[in-house]
Amino acid sequence: MVVVVLAANYFHIFSPAKEAVSDEQKAATEESGEEGGADPAMAIDSSGRELVESILTAQINGPAFSADDIKAIAVKYERVPASPAHARHLSDLGAGELASDDLESAELHTFESLGQDPLRAVAWGNLGLIYAKKEEKEKAVACLLIRKTVSPKEATAYLKSLKADKNSLIHDAAEEALKEISTQQ
């Protein structure tokens, strides 16, 4: 695990995504009046955060939806293009931070990952764990259900494994997600 965290931190420090900011994002930053402009990573987070919150809202407020519905929501958001490997590295960085209970950074990097690849099941699962640890159970369950939507074959086994987690908040979120899945079937 230490190697993953160190590698992820190395990647984050030297990440080209920190420099990949569109002219529109720079203009938005200048319009906001922030001195010296915002950290470009935060600009990426903004589109990722908006995308994730839009998908979460659809999951929480609407009927069950498909991966195609997630893609349709994602099309509405302009994102910094990146390779699938970049989304994976951001997800890995967030996972390392989650493991060390740095929940704010974990959330930021997971948003960035999902902003670039909204069908990344692992990142949805990690975001569910982040929300569970932050005691935001409704969002945690929604993320775990989205993970199931994106990767249905392994979802039940994943949720059952979380029921064995020593963190009661994670256990409870997984249990509620499993109940929700059983009522959908």
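Residues numbered from 1 in each chain as written. Predicted model: local features only at pLDDT ≥ 70, side-chain atom pairs only at ≥ 80, totals over all residues. Heavy atoms only, no water.

*Asks:* Could you give an account of the overall build of the protein, with specific residues and numbers?
*Replies:* Along its length, the protein carries 10 helices and 0 strands. Helices (α) and strands (β) of the protein occur, in sequence order from the N terminus, as α-α-α-α-α-α-α-α-α-α. When the 185 residues of the protein are sorted by exposure, 42% land in the buried category. Contacts spanning at least 24 positions in sequence make up 62% of the contacts within the protein whose residues lie at least 6 apart. Surface summary for the protein: the accessible area is close to 9700 Å², and the carbon and sulfur share equals 53%. (Helix = DSSP H or I, 4+ residues; strand = E, 2+ residues; numbered from the N terminus. Buried < 20%, exposed > 50% of the residue type's maximum accessible area, 1.4 Å probe, protein only. Contact = heavy atoms within 4.5 Å. Areas by Shrake-Rupley, 256 points an atom, 1.4 Å probe, with all protein chains shown as cover.)

*Asks:* How would you sum up the confidence of the model for the protein? Please name residues and give values.
*Replies:* When the pLDDT values of the protein are averaged, the result is 78; 71% of them are 70 or greater. Mean pLDDT per element in the protein: helix 2 (residues 23-31) is the minimum at 38, and helix 7 (residues 121-133) is the maximum at 97. Confidence over residues 1-45 falls short of pLDDT 50; this stretch has 36 contacts with residues more than four positions distant or in other chains. (pLDDT = per-residue confidence, 0-100.)

*Asks:* Lay out the packing of helix 7 against helix 10 (residues 168-184) with the relevant residues and their values.
*Replies:* Interhelical geometry of helix 7 versus helix 10 gives an angle of 125 degrees and a closest axis separation of 8 Å. Here helix 7 lies oblique to helix 10, going by the angle between them. Crossing handedness for the pair helix 7 and helix 10: right-handed. For the pair helix 7 and helix 10, contact is made by Leu129, Ala132 and Lys133 and by Leu169, Ile170 and Ala173, respectively. (Axes fitted to C-alpha atoms, helices over the stretch in contact; angles between N-to-C directions. Parallel < 35°, antiparallel > 145°, perpendicular 65-115°, else oblique. Left-handed = near helix turned anticlockwise from the far one by under 90°.)

*Asks:* Tell me about the layout of surface pockets, and name the residues and values.
*Replies:* When its volume is computed, the second largest pocket comes out at roughly 160 Å³. Lining the second largest pocket are 13 residues; nearest its centre among them are Gln59, Val141, Ala142, Leu145 and Glu180. Those elements that provide at least two residues to the lining of the second largest pocket are helix 3 (40-61), helix 8 (137-150) and helix 10. For the lining of the second largest pocket, the element with the highest residue contribution is helix 8, accounting for 5 residues. (1 Å grid on protein atoms, 1.4 Å probe; cavity = no way out; pocket = protein on both sides within 12 Å on 5 of 7 lines; lining within 4 Å. Points joined across faces, edges and corners; volume = space filled by probe spheres on them.)

*Asks:* Let's hear about the packing of aromatic side chains: which residues, and what values?
*Replies:* Under the counting rule described, the total for this entry stands at 0 aromatic pairs. Above the face of the Tyr158 ring, Arg147 is positioned so that its terminal group lies 3.8 Å from the ring centre. (Phe/Tyr/Trp six-rings, centres within 6.5 Å; stacked < 30°, edge-to-face > 60°. Lys NZ or Arg CZ within 6 Å of the ring centre and 35° of its normal.)

*Asks:* Give a detailed account of the packing of helix 9 (residues 152-163) against helix 10, specifying residues and quantitative values.
*Replies:* Across the interface, helix 9 lies against helix 10 with an axial gap of 7 Å and an inter-helix angle of 145 degrees. Judged by the sense of rotation from one axis to the other, the crossing of helix 9 with helix 10 is left-handed. Of the residues in helix 10, those touching helix 9 at Thr156, Leu159, Lys160, Leu162 and Lys163 are Ile170, His171, Ala174, Glu175, Ala177, Leu178 and Ile181. Of the residues belonging to the contact of helix 9 with helix 10, the class tally is 7 nonpolar, 2 polar and 3 charged. (Nonpolar A, V, L, I, M, F, W, Y, C, P; charged D, E, K, R; others polar.)

*Asks:* Break down the environment of Cys143 for me, citing the residues and quoting the values.
*Replies:* Its location among the elements puts Cys143 in helix 8. What makes Cys143 buried here is its relative accessible area of 0%. Taking the C-alpha atoms as reference points, Cys143 and Ile130, 13 residues apart in sequence, are found 9.8 Å from one another. If near-sequence neighbours (up to four positions away) are discounted, Cys143 is found in contact with Leu56, Trp124, Leu127, Gly128 and Tyr131.

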